[in-house]
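Geometric and topological summary
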Amino acid sequence: MQAIILAAGMGTRIPQYTQTMPKCMIKINGKPMLEHTVAALKDAGVTRITIGLGYKADVIREFIEKTYKDDKSLSFGYIENPIYDETNNIYSLYLMKDVFAQDDTLLLESDLIYDKDILKELLALPAGNAAVLSPFESWMDGTCCLLDGNGHINGMVGKKEFRYEDAASYYKTVNIWKFSKDFINSIYLPFLSYYISSYGRNEYYETVLKIVAGNIPDALGSLVIPGDRWYEVDDIEDLSVAEKRFSPSEDRYSMIMSEGGGRWRFPGLADFTVDSNPFFPPQRLLSELRYGLADCITRRPSTSGELDILAAKLLGTDKDQVCVLSEGMPSPDAAHDASYEDFSSLGGQLLDRLHIVDLGKRFGVPGLSMKLLFSDDMAALQPFKGKGRVSSLGEYFMQVVGKYKKDYAAATTAFEEECVRLKDALSSLGGVKLERPAFNRFILHLDAYPREEDVRELAVLLLAEYKIMVESRGRDGRGELLVFVRDRDSDDRLIAALSALTKTGERA
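The structure displayed is predicted, hence computed values, not measured ones. (Residues numbered from 1 in each chain as written. Predicted model: local features only at pLDDT ≥ 70, side-chain atom pairs only at ≥ 80, totals over all residues. Heavy atoms only, no water.)

1. A look at the overall build of the chain
Helix and strand counts for the chain come out as 19 helices and 25 strands. With respect to the principal axes defined by its C-alpha atoms, the chain has extents near 80 × 60 × 45 Å. The long-range share in the chain, meaning contacts at least 24 apart out of those at least 6 apart in sequence, stands at 72%. Total accessible area computed for the chain in this model is approximately 23,300 Å², and 49% of it derives from carbon and sulfur atoms. Positive and negative charge centroids in the chain, built from 60 and 76 side chains respectively, lie 1 Å apart. (Helix = DSSP H or I, 4+ residues; strand = E, 2+ residues; numbered from the N terminus. Contact = heavy atoms within 4.5 Å. Areas by Shrake-Rupley, 256 points an atom, 1.4 Å probe, with all protein chains shown as cover. Lys, Arg positive; Asp, Glu negative; His and termini not counted. Charge placed at Lys NZ, Arg CZ, Asp CG, Glu CD.)

2. Focus: the pattern of salt bridges
Inspection of every chain in the model, using the stated rule, returns 32 salt bridges. Between Asp117 and Lys120 there is a salt bridge whose closest N-O contact spans 3.9 Å. Separated by three residues within a single helix, Asp117 and Lys120 lie in helix H6 (residues 117-124), roughly one turn from each other. A residue is classified by how much of its surface remains accessible, and Asp117, at 32% relative accessible area, is partly exposed. Here Lys361 and Asp275 are joined by a salt bridge, their closest N and O atoms 3.3 Å apart. (Salt bridge = Lys/Arg side-chain N within 4 Å of Asp/Glu carboxyl O. Buried < 20%, exposed > 50% of the residue type's maximum accessible area, 1.4 Å probe, protein only.)

3. What about the packing of helix H12 (residues 304-315) against helix H16 (residues 392-400)?
Interhelical geometry of H12 versus H16 gives an angle of 35 degrees and a closest axis separation of 8 Å. H12 and H16 meet at a crossing whose hand is left-handed. For the pair H12 and H16, contact is made by Glu306, Leu307, Leu310, Ala311 and Lys313 and by Glu395, Met398 and Gln399, respectively. (Axes fitted to C-alpha atoms, helices over the stretch in contact; angles between N-to-C directions. Left-handed = near helix turned anticlockwise from the far one by under 90°.)

4. Quick notes on the environment of Ile216
One can find Ile216 in the loop between helix H8 (206-215) and strand E12 (221-224). Here Ile216 falls in the partly exposed class, since its relative accessible area comes to 25%. Linking Ile216 and Ile187, residues 29 residues apart in sequence, is a C-alpha distance of 9.5 Å. Once residues lying within four places of it in the same chain are set aside, the contact partners of Ile216 are Ile187 and Phe191.

5. Points about the environment of Asp115
You can see Asp115 is positioned in the loop between strand E7 (112-114) and H6. Remark: the alpha-carbon pair of Asp115 and Thr207, spanning 92 residues in sequence, is separated by 26 Å. Contacts of Asp115, omitting those with residues within four sequence positions, involve Arg229 and Phe246. A distance of 2.9 Å separates the side chain of Asp115 from the side chain of Arg229, its partner in a polar contact. (Polar contact = N/O pair within 3.5 Å; in protein donor to acceptor, adjacent residues only side chain to side chain.)

6. Focus on H12
Along an α-helix, residues three or four positions apart point the same way, because every turn accommodates 3.6 residues. Compared with an ideal rise of 1.5 Å per residue, which puts twelve residues at 16 Å, H12 spans 16 Å between its outermost C-alpha atoms and is within 8% of the ideal. A positive phi of about 70 degrees marks Gly316, the residue just after H12. (Expected span 1.5 Å × (residues − 1).)

7. Observations regarding the packing of aromatic side chains
Enumeration over the complete set of coordinates arrives at 23 aromatic pairs. Here the aromatic rings of Phe136 and Tyr164 are separated by 6.4 Å at their centres, their planes lie at 70 degrees, and the arrangement is edge-to-face. One end of the pair, Phe136, is in the loop between strand E8 (130-135) and strand E9 (144-147); the other, Tyr164, is in the loop between strand E10 (153-157) and strand E11 (171-179), and 28 residues separate them in sequence. Owing to a relative accessible area of 62%, Tyr164 belongs among the exposed residues under this scheme. Geometrically, the ring pair formed by Trp139 and Tyr231 is stacked, given 4.4 Å between the ring centres and 15 degrees between the ring planes. Pair noted here: Trp139 is in the loop between E8 and E9 and Tyr231 is in strand E13 (residues 230-232), with a separation of 92 residues, a long-range link. For Trp139, a relative accessible area of 17% gives the class buried. For Tyr231, a relative accessible area of 3% corresponds to the buried category. In this arrangement the basic side chain of Arg201 is found over the ring face of Tyr91, its NZ or CZ atom lying 5.0 Å from the centre. In this structure, Arg245 packs its charged tip against the face of Trp139, placed 4.8 Å from the ring centre. (Phe/Tyr/Trp six-rings, centres within 6.5 Å; stacked < 30°, edge-to-face > 60°. Lys NZ or Arg CZ within 6 Å of the ring centre and 35° of its normal.)

8. Side note on the side chain of Thr18
Within the fold, Thr18 resides in helix H1 (residues 15-18). From its side chain, Thr18 meets the backbone oxygen of Gly11 in a polar contact 2.9 Å long. What Thr18 contacts, discounting residues up to four positions off in sequence, is Met10, Gly11, Lys23, Ile26, Tyr55 and Lys56.

9. Examining the layout of surface pockets
Computed from the structure, the largest pocket encloses a volume of approximately 1,200 Å³. Forming the boundary of the largest pocket are 43 residues, of which Arg13, Asn88, Asn89, Glu109 and Tyr204 lie nearest the centre. Looking at which element gives the most residues to the lining of the largest pocket, the answer is H8, with four residues. Looking at the lining of the largest pocket, its residues break down into eleven nonpolar, 16 polar and 16 charged. Taken as a whole, the second largest pocket encloses approximately 720 Å³ of empty space. In terms of lining, the second largest pocket is formed by 22 residues, of which the most central are Gly260, Gly261, Asp271, Val274 and Pro366. (1 Å grid on protein atoms, 1.4 Å probe; cavity = no way out; pocket = protein on both sides within 12 Å on 5 of 7 lines; lining within 4 Å. Points joined across faces, edges and corners; volume = space filled by probe spheres on them. Nonpolar A, V, L, I, M, F, W, Y, C, P; charged D, E, K, R; others polar.)

10. Quick word on the nonpolar core
Here is a general trend for soluble globular proteins: nonpolar side chains tend to be buried in one another's company. If you look at the biggest cluster of nonpolar residues, it comprises 52 residues, and the most contacted ones within it are Leu34, Leu41, Ile51, Ile60, Leu108, Tyr114 and Ile176. For this core, the element with the most residues is helix H2 (residues 33-43), which contributes five residues. With sequence-adjacent residues up to four places away left out, Leu108 is seen in contact with Ala3, Ile4, Ile5, Leu6, Thr37, Leu41, Tyr114, Leu119, Asn175 and Ile176. Of all hydrophobic cores here, the second largest spans 35 residues; its members include Ile256, Leu458, Leu494 and Leu501. (Core = buried A, V, L, I, M, F, W, Y, C linked by side-chain atoms within 4.5 Å.)

11. Observations concerning H2
Within H2, the full set of buried residues consists of Met33, Leu34, Glu35, Thr37, Val38, Ala40 and Leu41. Of the residues one or two after H2, Gly45 is the one with positive phi, at around 95 degrees.

12. Quick look at the environment of Ala497
Among the structural elements, Ala497 can be located in helix H19 (residues 488-501). Between the alpha carbons of Ala497 and Gly54 there is a distance of 48 Å; along the sequence they are 443 residues apart. Leave out the neighbours within four places in its chain, and Ala497 touches Leu462, Tyr466 and Ile468.

13. Here's the deal with the pairing of strand E18 (residues 371-374)
Pairing between strand E15 (residues 322-325) and E18: four bridges, direction antiparallel. Paired with Val322 across the bridge in E18 is Phe374. Judged from the four bridges that link them, strand E17 (residues 355-358) and E18 form a sheet pairing that is antiparallel. Of the residues in E18, the one forming a bridge with Val357 is Leu372. (Pairing = 2+ DSSP bridges.)

Structure (structure tokens):
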């Protein structure tokens, strides 16, 4: 088994780094991506590696020769694409055809960071020809595959054919492939040569695989892995996410916590730092928001006066008694947080005080970043009147959410029941002492993790081993975990993890 690494590209989407080096030489956690790949190949038992060069080829050659000059277990070869700036990776692979034909081959792109065990799993797969795939997620971009009931690739979808309404059936290519020598010589290379002679050199090698998958049943198998086990680096945002995903556990926890949001970039993460209603909005409301999304993002939102009217309708009060606070506006210190009270009765019952309502908390939409301030004290409201601004999507949400009062009431009931259930479950864990300063927020003191540094260690472990995000902190010389109630499945994950990691008076 040999490996071919495609590394000829110019990395034009991340010019901050690629002006001086090829993209594969960008460091993630102190090492170039290429070095991570070579380490994974070596760990999987691959000893012969050929690299397809192009842009700044000398940088890669010098790095390999310097880094691995004393490693007798690895041998490296190079094939250079002299017109890398006029062609795409289909031509780089074509130039490597003589090497490609010599043996069973792992074909990898060089701008990847991934769990190195993936290569071992791919090599152990019975199928001689297979792609590493992941169920499609919103952060992914590029070629996707369709699978039959036996895990064979029976179709491939490029960017032009991609349909978001069908995304649930798509599997994104990780850009790691395994091919047998027989497949390479009898199928792939003949197709590759014909395609280049007929259609040119400015394409991707997956285009040929798409033809193969559509014409030869069961030719290509698959290894399906979760999306959190790999990442492709195309731009500086990708680089930032990759650093977090594959950094040492302590650093990863610190970096993710410091962001304060954007947790959708980490698939499968159960986030207990979020103070919001996990049982709202209902699916029908989400569908209605999707229906209006195109209009919302292509048109400007209303002025604060119209927003105040929508807020008054939502709260059942007069527009002079309410105003919208947009993100970044300071909240009055004296405002009473009315976050989890039934919005259908707020206006009539609570106008004797200055109240603030965080719509993100109450309605499970923290991404909208909207708050309402209301009172019958006009003088207290006046400094905030006319200054609020929200996105068109936030305005649309206020316009339509009132139709879902029954759903909200049911969600509130479910929320309250889950708060009680989680409280009881946490209280029943040995060595766990529970504080409850708010109905959906718990502060945990754990006998096995008494100090602030101990609780920090526990929080890091929960993220690394269980994909659970909690806030650790210290108070009065003791360590504590702060958690907010989430949905039942997430809460059960937390209970199981804490049960496994704690024992009365000692570390698990």
